[in-house]
Amino acid sequence: MPLSVATWNINSVRLRMPLVERLLAEHQPDVLCLQETKCSDDHFPSAAFRKLGYEHVAINGQKGYHGVATVARRPLEIVEKRAFCDMGDCRHISTKVDAGGMSLLIHNFYVPAGGDEPEPEINWKFKHKLDFVEEMRAVRAEHGQNSASILVGDLNIAPLENDVWSHKQLLNVVSHTPVETENFEAMRMAGGWVDLMRRQIPPSEKIYTWWSYRAKDWAASDRGRRLDHVWSSANLAPMLKRIDILRDARGWDRPSDHVPVIAHFDLD
């Protein structure tokens, strides 16, 4: 049974709903996980999603900031909206979906960006980010004979050398500092998570999912980072068929600075 799961930091779902509609029309993922929705639950455009055939909507939003949402063409069960670091931010939601007799637990995350200064003693945002990643160690890749887990989202860290346009130039830039990348990979491995993008694309090759708004010509400069991730429990990894990184979406009208990533599985 085929299953596709997409993740996208949309940077305001109401502002960019036309882009979401284009994604769903052209690619039709079974499940779409959005981050940085920037709206409270009662202002989320649920009706627009239902009109497109995504009748099942799970939201954890807040006015103007953060926010995550998972929408699907098949029934969703909300499992948890986990709070991190006692901040009151809406940065996580987990849901369950049935796929051909397999129960899939899907974690949707939006990790704090961390500000500009990579020193936790003088930048509370960076400390918050490090603390958040540390708390993520408690999120484990649960699996069983007929169950598996997926973790997706804007995790705001590019852990490997070829996850950024220049490893050397970004070593002291938030998202690629050693303290972030080392803690991030330790957290992933401690949780039993498989990095599906790097299972599909070797670490020797560049992968980007984000390009800054600051670039005059993002495509020409191509100074990207892999900030968006797709992980799974070990039992689901062999079922991965391919991952699509929709680079062209960065050039759509009024785009997000992130692009959608879609993982395709065959659960037979």
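Coordinates for the structure precede this section.
Residues numbered from 1 in each chain as written. Predicted model: local features only at pLDDT ≥ 70, side-chain atom pairs only at ≥ 80, totals over all residues. Heavy atoms only, no water.

### Examining the overall build of the chain
Then, in step 1: On a plain count of helices and strands, the chain comes out with 6 helices and 14 strands.
Then, in step 2: Relative to the compact-globule value of 18 Å for 268 residues, the chain shows a C-alpha radius of gyration of 17 Å, a close match.
Then, in step 3: Dimensions of the chain, computed from C-alpha atoms along their principal axes, come out at roughly 45 × 40 × 40 Å.
Then, in step 4: Residues classed as buried in the chain amount to 57% of the 268 residues present.
Then, in step 5: Contacts spanning at least 24 positions in sequence make up 68% of the contacts within the chain whose residues lie at least 6 apart.
Then, in step 6: Once the 33 positive and 37 negative side-chain charges of the chain are each reduced to a mean point, those two points are 3 Å apart. (Helix = DSSP H or I, 4+ residues; strand = E, 2+ residues; numbered from the N terminus. Rg over C-alpha atoms; globule rule 2.2 N^0.38 Å. Buried < 20%, exposed > 50% of the residue type's maximum accessible area, 1.4 Å probe, protein only. Contact = heavy atoms within 4.5 Å. Lys, Arg positive; Asp, Glu negative; His and termini not counted. Charge placed at Lys NZ, Arg CZ, Asp CG, Glu CD.)

### Re the packing of helix α3 (residues 124–135) against helix α4 (residues 178–190)
Then, in step 1: α4 packs onto α3 with a crossing angle of 20 degrees between their chain directions and a minimal axis gap of 9 Å. Classified by the angle between their axes, α3 and α4 sit roughly parallel to one another. Of the two elements, α3 crosses α4, and the hand of that crossing is left-handed. Only V179, E180, N183, F184 and M187 of α4 make contact with α3, whose side of the interface consists of F126, K129, L130 and V133.
Then, in step 2: Split into classes, the residues belonging to the contact of α3 with α4 amount to 6 nonpolar, 1 polar and 2 charged. (Axes fitted to C-alpha atoms, helices over the stretch in contact; angles between N-to-C directions. Parallel < 35°, antiparallel > 145°, perpendicular 65-115°, else oblique. Left-handed = near helix turned anticlockwise from the far one by under 90°. Nonpolar A, V, L, I, M, F, W, Y, C, P; charged D, E, K, R; others polar.)

### Things to note about the sheet that holds strand β7 (residues 102–110)
Then, in step 1: Strands sit in the order β5-β6-β7-β8-β12-β9 across an open sheet of 6 strands; the sheet is mixed. Of all the strands in the sheet, the pair left with one neighbour each is β5 (76–80) and β9 (194–195).
Then, in step 2: Across 4 bridges, the pairing between β5 and strand β6 (residues 92–99) is antiparallel. Within β6, the residue paired with E77 across the bridge is K96.
Then, in step 3: Lying over the sheet, α4 contacts β9 and β12 (228–232), oriented at roughly 25 degrees with respect to β12. (Pairing = 2+ DSSP bridges.)

### Some remarks on the side chain of E185
Then, in step 1: Locating E185 in the fold gives a position in helix α4.
Then, in step 2: There is a polar contact of 3.0 Å between the side chain of E185 and the side chain of R188.
Then, in step 3: Leaving out residues up to four positions away in the same chain, E185 has contacts with P159 and L160. (Polar contact = N/O pair within 3.5 Å; in protein donor to acceptor, adjacent residues only side chain to side chain.)

### Remarks on the pairing of strand β14 (residues 261–266)
Consecutive residues of a regular strand have side chains that alternate between opposite faces of the sheet.
Then, in step 1: Burial runs high along β14: 5 of the 6 residues are buried.
Then, in step 2: Two elements, strand β1 (residues 2–9) and β14, share 6 bridges in a ladder whose sense is antiparallel. Bridge pairing links P2 to D266 in β14.
Then, in step 3: Of the pairings in the sheet, the one linking strand β13 (residues 240–245) to β14 comprises 5 bridges and is antiparallel in character. By the bridge assignment for β14, I243 is matched with A263.

### Observations concerning the nonpolar core
Then, in step 1: L104, I150, L236, F265 and L267 are the most contacted members of the largest nonpolar core, which has 32 residues in total.
Then, in step 2: A per-element tally of this core places β7 first, with 4 residues.
Then, in step 3: Each residue touching L267, except ones within four places of it in the same chain, is listed here: M1, L3, A99, L104, L236 and M239.
Then, in step 4: By size, the runner-up hydrophobic cluster in this structure holds 26 residues, among which are M17, L34, Y208 and V259. (Core = buried A, V, L, I, M, F, W, Y, C linked by side-chain atoms within 4.5 Å.)

### Here's the deal with a negative patch on the surface
Then, in step 1: Negative charge collects at one region of the surface, where D116, E117, E119 and E121 lie side by side.
Then, in step 2: With respect to the helices and strands, D116 occurs in the loop between β7 and α3. (Patch = residues over 30% accessible without salt bridge, like charges linked within 9 Å, V, L, I, M, F, W, Y side chains within 5 Å. Areas by Shrake-Rupley, 256 points an atom, 1.4 Å probe, with all protein chains shown as cover. Salt bridge = Lys/Arg side-chain N within 4 Å of Asp/Glu carboxyl O.)

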